[in-house]
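# Structural overview for review
This is what each chain is made of:
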Amino acid sequence: MDDITSRETVKQFKWVGTRPVRPDGVPKVTGLAQYGSDLAMPGMLVGHILRSPHAHARIRSIDTSKAAALPGVKVVVTSADFPEQKFEYVGPERVAQNFWHMTRNIMAREKVLYEGHAVAAVAATSKAIADEALSLIAVDYEVLPHVIDVDEAMKPDAPLLFPDLITRGVEPPPKPSNISKRVEYKLGDLEAGFAAADEIVEMSFKTAPVHQGYIEPQGCVARCDADGQGELWSSSQGHFVVRAYTAQLLGMKLGDLRVYPAEIGGAFGGKTVIYVEPVAVMLARKSGHPVKIVMSREDVFRATGPASGASMTVKIGVRRDGTIVAADGLFKLQAGAFPGSPFMSTCMCAFAPYDIPNARAIGYDVVSNRPKVAAYRAPGSPIGAFAVESVLDVLAQKIGMDPLKLRLKNAAKKGTQMLSGGKLSHDGYAETIEALLNHPGYKTSLGKNQGRGVASGYWFNGGGESSATVHVNEDGTVVVATGSPDIGGSRASMAIMAAETLGIDYDRVRAIVADTASVGYTHVTGGSRVTFATGMAVVDTTKKIIQELCVRAAKMWDVDPEGVVWEDGCAKPASSNVGDFKPLSLSEIAAKRAQTGGPIVAEAAVNPSVVAPGFATQFCDVEVDPETGKVKILRFVAAQDVGRAIHPSYVEGQIQGGVTQGIGWALNEEYIYNSRGHMENPGFLDYRIPVASDLPMIEPVMVEVPNPGHPYGAKGAAEVNICPPMAAIANAIERATGRRLTELPMSPPKVLAAIDAGGQK
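Below is a summary of the structure that appears in this document. In this text, all values refer to a predicted model and were calculated from it rather than measured experimentally.

## Details of the overall build of the protein chain
Helix and strand content of the protein chain: 21 helices and 26 strands. Its C-alpha atoms give the protein chain principal-axis dimensions of about 85 × 75 × 50 Å. Within the span of the protein chain, comprising 761 residues, buried residues form 60% of the whole. Taking the contacts inside the protein chain whose residues are at least 6 apart along the sequence as the reference set, 78% of them involve residues at least 24 apart. Counting every atom, the protein chain has about 28600 Å² of accessible surface; 51% of that belongs to carbon and sulfur.

## Digging into the environment of D756
Along the chain, D756 falls in helix α21 (residues 748-757). Judged by relative accessible area, which is 60%, D756 ranks as exposed. In this structure, the C-alpha to C-alpha distance between D756 and P382, residues 374 residues apart in sequence, is 29 Å.

## Describing the packing of aromatic side chains
The description of an aromatic ring pair rests on the distance of the ring centres and on the angle between the ring planes. Tallying each qualifying case throughout the model produces 24 aromatic pairs. On the numbers, 5.6 Å between centres and 80° between planes, the contact of F301 with F684 is edge-to-face. One end of the pair, F301, is in helix α10 (residues 297-303); the other, F684, is in the loop between α19 (648-667) and β26 (698-703), and 383 residues separate them in sequence. Of the aromatic side chains, those joined through ring pairs into one cluster are Y354, Y429, Y458, W459, F460 and F615. Between the NZ or CZ atom of R104 and the centre of the ring of W100, over which it lies, the distance is 3.7 Å.

## Observations concerning the pairing of strand β24 (residues 614-624)
Of all 11 residues making up β24, 10 are buried, and the element is well covered by its neighbours. Pairing of strand β16 (residues 450-459) with β24, which is carried by 10 bridges, proceeds in the antiparallel orientation. Note on β24: the bridge partner recorded for S456 is T617. Relative to strand β25 (residues 631-641), β24 runs antiparallel, the two being bridged by 9 bridges. What sits directly across from F619, in β25, is V637. Count of turn residues in the β24/β25 antiparallel hairpin: 6 residues, of which G629 carries a positive phi of about 80°.

## Things to note about the sheet that holds β26
Taken in spatial order, the 4 strands make up an open sheet running β16-β24-β25-β26, and their pairing is mixed. The open sheet has two edge strands with one neighbour each: β16 and β26. Within the sheet, the average angular offset between the axes of one strand and its neighbour, ignoring direction, is 15°. Inspection of the sheet shows β25 paired to β26 by 6 bridges, in the parallel sense. If you follow V637 over to β26, its bridge partner there is E699. Contacts from helix α20 (residues 725-737) reach β16, β24 and β25 within the one sheet, and its direction differs from that of β16 by about 160°.

## With respect to helix α8 (residues 239-250)
The terminal C-alpha atoms of α8 lie 16 Å apart, and with 12 residues this matches the ideal 16 Å at 1.5 Å per residue to within 8%. Most of α8 sits out of view: 10 of its 12 residues are buried. Residues of α8 that are buried: H239, F240, V241, V242, R243, Y245, T246, A247, L249 and L250. Contact partners of the buried residues in α8: α4 (99-106), β10 (230-234), β11 (257-261), α9 (277-287) and β19 (509-513). Positive backbone phi, at 70°, marks G251, one or two positions downstream of α8.

## Examining the pairing of β19
Remember that side chains alternate between the two faces of the sheet whenever the strand is regular. The alternating pattern of β19 places V509, A511 and V513 on a buried face, while none of R510 and I512, on the opposite face, is buried. Note that strand β18 (residues 478-482) and β19 share 5 bridges and pair parallel. Counted as the bridge partner of A481 is I512 from β19. Taking the sense of rotation as the criterion, the β-α-β connection linking β18, helix α15 (residues 490-502) and β19 turns out right-handed.

## Overview of the sheet that holds strand β20 (residues 564-567)
Paired through their backbone hydrogen bonds, the strands of a sheet run either parallel or antiparallel. With respect to topology, 3 strands assemble into an open sheet ordered β20-β21-β22, the strand pairing being antiparallel. Each having just a single partner strand, β20 and β22 (584-585) make up the two edges of the open sheet. Sheet analysis places β20 next to strand β21 (residues 570-573), joined by 4 bridges and oriented antiparallel. Paired with E567 across the bridge in β21 is C570. Lying on the sheet, helix α16 (residues 530-557) is in contact with β20, β21 and β22; it crosses β20 at an angle near 125°.

## Some words on the pattern of salt bridges
Opposite charge on two side chains allows them to pair when their charged atoms are near. One pass over the full model with this rule turns up 41 salt bridges. Between E142 and R58 there is a salt bridge; the shortest N-O distance is 3.1 Å. On the criterion of sequence distance, the pair formed by E142 in strand β6 (residues 138-143) and R58 in strand β2 (residues 57-63) is long-range, its members being 84 residues apart. Measuring nitrogen to oxygen at the nearest pair gives 2.8 Å for the salt bridge that ties R360 to D328.

## Points about the nonpolar core
In terms of nonpolar packing, the biggest core is built from 106 residues, with I316, I729 and M746 touching the most fellow members. Top contributing element to this core by residue count: helix α12 (residues 381-398), with 10 residues. Contacts of M746, omitting those with residues within four sequence positions, involve A666, L667, M726, I729, A730, I733, L741 and V751.

## Focus on α20
For α20, which comprises 13 residues, the first-to-last C-alpha distance of 18 Å matches the rise-based estimate of 18 Å (1.5 Å per residue) to within 8%. Most of α20 sits inside the fold, with 11 of its 13 residues counted as buried. All of the buried residues in α20 are P725, M726, A727, A728, I729, A730, N731, A732, I733, E734 and A736. In this structure, the buried residues of α20 make contact with α12, α13 (403-409), β16, β24, β25 and α19. Phi for G738, located one or two positions after α20, is positive at around 80°.

## Here we look at the environment of I729
Within the secondary structure, I729 sits in helix α20. As for I729 and G453, which are separated by 276 residues in sequence, their C-alpha atoms are 6.0 Å apart. Sequence-distant contacts of I729, defined by excluding residues within four places in its chain, comprise C620, I633, F636, I663, A666, L667 and M746.

## Brief notes about the side chain of S341
With respect to the helices and strands, the residue S341 is situated in the loop between β14 (324-336) and α11 (343-349). A polar contact of 2.6 Å, which involves the side chain of S341, links it to the side chain of D365.

## Thoughts on the packing of α8 against α9
The interhelical angle for the contact between α8 and α9, taken along N-to-C directions, is 55°, at an axis separation of 9 Å. Between α8 and α9, the angle falls in the class oblique. Relative to α9, the crossing made by α8 is right-handed. Side by side, α8 and α9 meet where V242, T246, L249 and L250 of the first sit next to E277, P278, V281, M282 and R285 of the second.

## Section: the environment of V703
Along the chain, the position of V703 falls in strand β26. In sequence terms V703 and F615 are 88 residues apart; their C-alpha atoms lie 9.7 Å from each other. Those residues in contact with V703 that lie beyond four places of it in its chain are E431, T432, A435, Q640, D641, V642 and G643.

## Some thoughts on the side chain of H101
With respect to the helices, strands and loops of the structure, H101 is situated in helix α4. H101 gets classed as buried once you look at its relative accessible area, which sits at 5%. Sequence-distant contacts of H101, that is, excluding residues within four places in its chain, are made with F87, Y89, F338 and P339.

Cut-offs and rules
- Position labels on residues start from 1 in each chain and follow its written sequence.
- Totals for whole chains, interfaces and linings use all residues, but because this is a predicted model, local features are given only for residues with pLDDT of at least 70 and pairs of side-chain atoms are given and counted only at 80 or more.
- Only hydrogens and water are set aside when side-chain values are computed; all heavy atoms of the structure are taken into account.
- Helical segments are the DSSP runs of H or I of at least four residues, strand segments are the runs of E of at least two, and each set is numbered from the N terminus.
- Each residue is placed in one exposure class: buried if its accessible area under a 1.4 Å probe, protein chains only, is under 20% of its type's maximum, exposed if it is over 50%, and partly exposed if it falls in between.
- Throughout, a residue-residue contact means that at least one pair of heavy atoms, one from each residue, lies within 4.5 Å.
- Each accessible area is a Shrake-Rupley result for a 1.4 Å probe, and residues are judged covered by the shown protein chains and nothing else.
- Between the rings of Phe, Tyr and Trp (Trp by its six-membered ring), a pair exists once the centres lie within 6.5 Å; its type follows the angle of the planes, with under 30 degrees stacked, over 60 edge-to-face, and the other angles tilted.
- Counting as a charge over the ring demands two things of the Lys NZ or Arg CZ atom: a distance within 6 Å of the ring centre and an angle within 35 degrees of the ring normal.
- Only strands that DSSP links by at least two bridges are regarded as paired with each other.
- For helices, the axis comes from a line fit to the C-alpha atoms of the stretch in contact; other axes are also lines fit to C-alpha atoms, and the angle between any two N-to-C directions lies between 0 and 180 degrees.
- A helix is expected to span 1.5 Å for every residue after the first.
- For the handedness criterion, the strands are oriented away from the viewer, and a crossover whose path from the first strand over the helix to the second runs clockwise is classed as right-handed.
- The rule for a salt bridge is simple: a side-chain nitrogen of Lys or Arg has to be within 4 Å of a carboxyl oxygen of Asp or Glu.
- Residue types Ala, Val, Leu, Ile, Met, Phe, Trp, Tyr and Cys, when buried and joined through side-chain atoms within 4.5 Å, form a set referred to as a nonpolar core.
- Polar contacts here mean pairs of N or O atoms no more than 3.5 Å apart (in protein, one a potential hydrogen donor and the other a potential acceptor; neighbouring residues in sequence count only if both atoms are side-chain atoms).
- By the definition adopted for this analysis, an angle is roughly parallel if under 35 degrees, roughly antiparallel if over 145, roughly perpendicular if from 65 to 115, and oblique otherwise.
- Note: crossing handedness is left-handed where the near helix turns anticlockwise from the far helix by less than a right angle, and right-handed where it turns clockwise.

Given below as structure tokens:
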């Protein structure tokens, strides 16, 4: 136990807040963990996908006859093999899905909309034969003009991806364009707010699309029986969602498809969607053989969802005492080839850390000839934070106020009216600022060409549907089964909470992730929801187990169940009136289960809608080489309200990981396209993610403001940590060089150009 974990946690709990051995550690370090591409089955075929060489082209025809005739090729499929889907948006507005779009992303129909767009697929007896078969598929393309940049895509004369795309949220509906949707959030009187300001700063910003950079590419294995039943092994963040999407796109009943959760080698939001799973199932169905598809790294970059790029303008006004009186933001986000950027989240999160009486956020969802975007750790929020937190830094300098104290003065707190509607229901933000103001590193002096930057961030955190089952073995050990893939330590946290509730040792609990036929529906592992929501299901289930254990003990003692209580992992008489019985341990009760009623098992399901948001505040020190423009991170301190850290080591790792990805987003990462709309850096050699030598020791500061809506105070901790780094680094660079950079990434050529220009960049 280290000093970060609060004394309250140490005093109150035996396991919550401790750092036991992680249950997935041994199979991972020994290489025995089974990932999506590890499964091999008798008679299994290799599936490969043919992808478009063009950024935008009409498909005149596809001739697969030569490929189908190649010895060793068992089946070839195109979009004609997949049923058409209805054009409608389904689900909550902020995350609505359209299966008409989804099926076209899985396999192009009328047009290809980005380089790498899937056009056809084959299943063959070897990789070499599958590769040759792809070369024999003849596609007749009519190449069309393309558009990559979000501002260019919004122009009236831009090439249209869809001839009938009408902007939702605009009345009267305009003529077709690449703008899928417009939203506006407004609070107070914006004009009066700015009139009351002593200082106003308005700036424009651009960010580049960046990839989640998971090490394991998408991969799956599918098999189908002659009766139509199918099985699928997939690396994903949510195998129930994989089942739902795949079944929908193939016209299957949900009960006919069983999806197993493979181990997962990174995701960060990028594996909440599907790419190869429906194709693999279709190939397996038509060939009668199991089929494995594993994407190449180049395919991952060219055809799976990065985070959006954006073009933004933010205007904020303050009084001389630091009070923010008005804020206005325009956020235009790239959706890629199909609608669905997190532009609404950008609008709802950008100003969320602050109590601002007069505010507005306008957002646009814009399609362009790039792969469709996917979630990336607090999707949408880091983009808006880069702009807002940069403007706040300029304002702090204009009024001569410490940038942390400016944020503290305006910090949103419980009861603050949010721009997105409703009132903030939890504290935690101010505490992160105070943690940094009190941090010794914030008071240290800096040298030449060095600067310190601060920034904050907000993320909603999620709730949603989760299920759990718990059963007690005859030796008193316990199995906890949930439907949440473990991408951030959830097996450990589930075991900790079950052990804490039962009052038994952690090593007597085994937490597993069950398939879609073995546990109730569970939504994706995303939105920082699992320890919160699935944890509630586990605790609820464990409490049912305790009730049943008390009933079993009562039978063994021949007393009324109301006369039995559960304490410290044992059944005990509630009072001396019940009788003088020695406490019964879980193991003793389990050993007698057959005589007292049979298996001891329980299940529970939850769907919490009221969740606690996440707040983070960070500062970093940088040194800028004036001759090369290289930025070196000297120190990075990240404070975050984590509610209560169930397993502090995992929480610290989440914070360090989010900061690392933010550093890459800030300094190096971007999609680079040539004039033909081809991505020129689809690999880790040229797409520059941070490595160990690029990073300082990132110091996480866990601020624990427990969530009263969770039995152990959890809030969710995996995402808000990626929101502040880009602005914190930009602010530090400005303090080191006197040059304000407003475009990401702030790579050495851009930094050097700003220094040489002697002005804004």
